[in-house]
Structure formats: structure tokens, C-alpha cells
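# Survey of secondary and tertiary structure
Residues per chain, in single letters:
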Amino acid sequence: MLEICPLAALPRGEARRVEADPPIAVFHTDDGEVFAIDDTCTHQDASLADGWLEGCEIECPLHASRFNLRTGAVDAPPAKLPVRTHEVAIVDGVINVVLNDATPNLPPGLTTRAGGEAAQ
Amino acid sequence: MKSVAIVGASLAGLSAARALRAQGFDGDLTIVGGEERRPYDRPPLSKEFLAGDIGEDALALEAEDDDLDAEWLLGAHATRLDTGAASVQLDDGTAIRADGIVIATGARARTWPGADSLAGVHVLRTVDDAVALRDELRPGARLVVIGAGFIGAEVASTAAKLGLDVTVVEAALAPLAGPLGVQLGAAVARLHTEHGTRLLCGAPVAGLLGDDRVTGIELADGRRLAADVVLVGIGAVPNVEWLRGSPIELANGVVCDAGGATSIPNVVAAGDCAAWHEPAVGWPHRVEHWTGALERPGIAVATLLAGGRHDGSPAKPPYFWSDQYGRRIQFAGIAHTGDEITFEVGSVRDASFLAVYRRGGEPVAVLGLDQPKLFTRWRRQLTVVPVPA
């Protein structure tokens, strides 16, 4: 379990990039839900935490691919592969994330620091 | 509408096919593509692909679960639009009859006159172009890039990283002045000199030197620059010649209304070949951006399925990005001479900035250098303000 920050430190509508391998993005939606997904867009190297949060969707800041925060599914191209989602637990008012151990769908040309190949 | 033919199988053609199916079209769908390849992504051709960081597989635009139920005719060129018979003639002699036609034939790189027979001179538009150029980008070689636009700038950046000796020559006094304005065009072009690339502005090229293989270029002022490789990055030409025999209205591209309808019923156009009516400009305006080829086919297809009536949903302001020297440049909107420019973050001298162009007090365009988060916020706030007559 990865401790992120107090819930109060991440206002609604905001996102935070967390250094992990690969980095993850934590979102606090306008409806008050908290989600964690891989931060890197599966299409090209861009930080989804920098994107536009609308409802339960994040739009990539670069090419406007949309991902569902709950499922990681692609809601709008050009991305083809889903992002990994991570389980979120709020413990004593602190956001915690349980990292998903599935293989991440990193964009072409990127690998994890641990050396895993990007899944195609 | 029982059948639709899409002429063009790159991003705009594929986006049109997806939009047709998403909008409920269940009739026969035919997609004609001039290249033999399935639809592929072009932006990496000047960057990751040219650098050898990714292969051709990574360029594929189709997802595994794309179920378009379409007939693909690849490696075939349209030669004529027969509006009477509502058919498209192909260079292999066949004709495709369809109730609706989407023109998405794109554009091609403008070439240097007479350079066809000269080895070492390249343009960049297709995978084949990129492979040919990549084979010649050897460390230590001298590359001259003609044109400081985005293709030229990205190739210069990639080549500099690969260890070539790079010079960019630009005919205009200010690089990128068209899209970004004089001040900010110069700010972005400064990335070249900061990274060891020579940039010569106000330097029109008189001609290429060499007999069988290029040895250099000669500038209009008589200066000569030695070169092992030359990239010509002087813009693109819309692929609309095949339409000349038809009554469809052409200007700099296929003339369309703000919903992609052409002057011919049941024929729409989108992507690099199309000049849509642009409220901010006041006349048909051809947008060559990737995002336009992604988004506008959806509007064009809706217009086609509605019998030519645009439902009024406006196209998003033009948006493009460029990655150069490890820096991310993003621009959205349409800038005009005389727009008031303010810096929301940083200044023209800083490594990172966000600049907003305003007309009559309204934000009409935004430029970001390594400011993706703030850029996205501003991009959403842009308004379309017509230029005063």
C-alpha cells in the first residue's frame, strides 16, 4: 500500500502525479470520488494528471484521448489500450493506493525503470 | 443512405469510418487508400520513428477491437469523382458507386523543383519517406533543413540528437510567424540555437548543388552551405487534383461549410484536403493539424447522414503540438497580427511559458512551452472571435 496524501490536501477537481514505477495519477472528482490510474497515456508519453478531469473521465492533455477512471477503458481515441487502475483506500483521512500488479500498457518506446517491456 | 465510400485511409478516413459506425450507419462501407499500408500515425515519423526509438508496428492507428465492417481498397488512387453517377473512379479502372462520399485524400509534401533526380534530398510525409531519411541520418553527417516550420524543426531536433551537424534555413525573416506571430515564433525557433542547431532566417534558397547526389545548397545571396543530406520542409499540397474534372468547388483544398458539406450534395470532406468555413477567419481555411483530422470527420459524417445539414455543433479551435529538443510546444486557436499577447506564466525569455492571444479582450489562441496542464485549461476557454472586416 502506497500512502499518497491526506484527502484534504487534494481538492475536488484536482489531480496529483505520484512517483512510482511507472508513475501513477490520483484524481479527486467533482463528485468526491478518488481514483488512481497509471499516469502515462497509453498512446504517447504524456502525464494524465495534467489532463482535463470531467466527471469520471480524464482527457489526455496532448491528444485528447479519454480514459474512464473507474475501469481504465479508452472512451475516445487515439489511445488503443486501457490504462491500469489501482485500488484506492481512504484510511484515517489519508489516501492510500494498492498498486495493481498487472503489466502496464505503456506507450511505444517507454519501459518501466524495472526494465519491463511495454505491452503492445 | 445505404452505401458510403471514404476516399482516403489515413487518420481522417479512419476517423470518418469510425464515426459512421458510431453514428449508426450500418450500410456498405468502402475505404480507398493510396498507400498500401493500413492507417498509421504520422506525427512520430519526424520524432520517435525517425530516431529509431519505435518501429512501424507502433504506428498502427487501428485497435484490435475496431470492427468497422468495411471493404478496404489499399494502394488504389481515386482519379475522378463522377457526381452524376455518384461514383469514384480508381486508377485500376474500377468505379465505386455510393450514396454518400467522404473525401479525405489528405495532402502531400511540397517538393523542391527538379530535386527528384538528386540523391540525398528528402521530404517527410510517409513511412517510406521516413525510412529513406532515417537511413541517411548518420552521426557527423551535415544536414541542411530547408524551412523552419514544424516538420523541419522536428527533423532538425531529431537529427541533432542523433549527432548530425544541422543547419536550418528559412526564407522568412521570422520563423513560424504565420501560426504563432513574429514575437512568439522567434521564441520557439530559439530552441534551435539553444541546442546547437544553426538557424539562418531571411535566407531564401536559390538552388540545390550536386550532380547525382546533393552536395549542398546555394542561398539567394550567393552563400553556399555544404550538405550530405537535405530535408525539404516547405509545406504540403492538398491532394485534390483528381477532383478537377468534377463540378465540386475547390480553392486551396475542397471548399466546405462549417460542417464539412461540399458544394455537391451527399459529398463531404475532412482532414488536410478540406478547407472548412472558419468563423474566426471568415472564409474557407485549410487546417493541416492532426487533431482536425481526428475530430472533424465526426462532424462531416453527421452532416452527410443528415442529408447535408450541419447540426451546428462547432468544430473545436485548431490545435497542434510539436516536440522539439525534449520540449513540448502546444498551440490552439487562430492567431492574427494585432492580437494582444500576455504571458500567464513565464516570459518570452524563459524556458517554459504560457502565452495567451486576445482579440477585443477575448482569448482566441494560446501557446504553451512545457505547460501542458495550464495549456489544457486555456484551450478549453478559447472563444471564436471573428476578425473585424
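Residues numbered from 1 in each chain as written. Chains lettered and ligands numbered in written order. Predicted model: local features only at pLDDT ≥ 70, side-chain atom pairs only at ≥ 80, totals over all residues.

### Some thoughts on the pairing of strand 2 (residues 28–33) of chain B
Residues and elements named next belong to chain B.
- Two strands pair when backbone bridges link them, and strand 1 (residues 3–7) and strand 2 are joined in this way by 5 bridges, in the parallel orientation. Bridge pairing links A5 to T30 in strand 2.
- Each parallel crossover has a hand, and the one from strand 1 via helix 1 (residues 11–22) to strand 2 is right-handed.
- Bridging between strand 2 and strand 3 (residues 71–74) involves 4 bridges; their strand directions are parallel. Note that in strand 3 the partner of T30 across the bridge is E71. (Pairing = 2+ DSSP bridges. Helix = DSSP H or I, 4+ residues; strand = E, 2+ residues; numbered from the N terminus. Right-handed = clockwise from strand over helix to strand, strands pointing away.)

### A word on the environment of E3 of chain A
Residues and elements named next belong to chain A.
- Relative to the helices and strands, E3 resides in strand 1 (residues 2–6).
- As a C-alpha pair, E3 and G109 span 106 residues in sequence and 29 Å in three-dimensional space.
- Apart from residues no more than four positions distant in its own chain, E3 is found in contact with V94 and N96. (Contact = placed C-beta atoms within 7 Å.)

### What about the sheet that holds strand 4 (residues 78–82) of chain B?
Residues and elements named next belong to chain B.
- Reading across the sheet, the 3 strands line up as 4-5-6 and stay open at both edges, with antiparallel pairing between neighbours. Where the open sheet ends on each side, the last strands, each with one partner, are strand 4 and strand 6 (95–97). The mean inter-strand angle of the sheet, taken between neighbouring strand axes irrespective of direction, is 20°.
- Sheet topology note: the strand 5 (residues 87–90)/strand 6 ladder contains 3 bridges and is antiparallel. In the sheet register, Q89 faces strand 6, and the bridge partner there is A95. (Axes fitted to C-alpha atoms, helices over the stretch in contact; angles between N-to-C directions.)

### A look at helix 6 (residues 290–305) of chain B
- Between its first and last C-alpha atoms helix 6 of chain B spans 24 Å; for 16 residues at 1.5 Å apiece the expected length is 22 Å, and the two agree.
- With respect to burial, helix 6 of chain B is a largely interior element, 13 of its 16 residues being buried. (Expected span 1.5 Å × (residues − 1). Buried ≥ 20, exposed ≤ 12 C-beta atoms within 10 Å, placed from the backbone.)

### Some points on the interface of chain A and chain B
- Counting residues at the interface gives 12 residues for chain A, matched by 15 residues for chain B.
- The class makeup of the residues in the side of chain A that touches chain B is 7 nonpolar, 3 polar and 2 charged. (Nonpolar A, V, L, I, M, F, W, Y, C, P; charged D, E, K, R; others polar.)

### Considering helix 1 of chain B
Residues and elements named next belong to chain B.
- Counted at 1.5 Å a residue, the expected span for helix 1 with its 12 residues is 16 Å, and the 16 Å between its end C-alpha atoms agrees.
- Those residues of helix 1 not exposed but buried are L11, A12, G13, L14, S15, A16, A17, R18, A19 and L20.
- Each element contacted by the buried residues of helix 1 is listed here: strand 1, strand 2, strand 7 (100–103) and helix 6.

### A few points about the sheet that holds strand 26 (residues 353–359) of chain B
All names here are of chain B.
- Overall, antiparallel pairing links the 5 strands, which are arranged 23-24-27-26-25 in an open sheet. Of all the strands in the sheet, the pair left with one neighbour each is strand 23 (319–324) and strand 25 (340–345). With direction set aside, neighbouring strand axes in the sheet form an average angle of 20°.
- Pairing analysis gives 5 bridges linking strand 25 to strand 26, with the strands arranged antiparallel. In the sheet register, V345 faces strand 26, and the bridge partner there is L354.

### Here we look at the environment of Q324 of chain B
Residue and element names in this part refer to chain B.
- Among the structural elements, Q324 can be located in strand 23.
- Among the residues examined, Q324 registers 24 C-beta atoms within 10 Å and is labelled buried.
- Once the C-alpha coordinates of Q324 and A189 are considered, the two residues, 135 residues apart in sequence, prove to be 9.8 Å apart.
- Setting aside its immediate chain neighbours within four residues, Q324 contacts A153, E154, S157, L191 and I329.

### A short note on unusual backbone geometry
- Cis geometry is found at the peptide bond from D21 of chain A to P22 of chain A, where omega equals 0°.
- Here the bond from P77 of chain A into P78 of chain A is cis, since omega is 20°, no more than 30 degrees from zero.
- One can find P78 of chain A in the loop between strand 8 (74–76) and strand 9 (85–91).
- Phi angles above zero are rare outside glycine, and N266 of chain B is one such case at about 65°.
- With respect to the secondary-structure elements, N266 of chain B resides in the loop between strand 19 (253–256) and strand 20 (267–269).

Everything listed here is a matter of geometry and, on its own, says nothing about what the molecule does.
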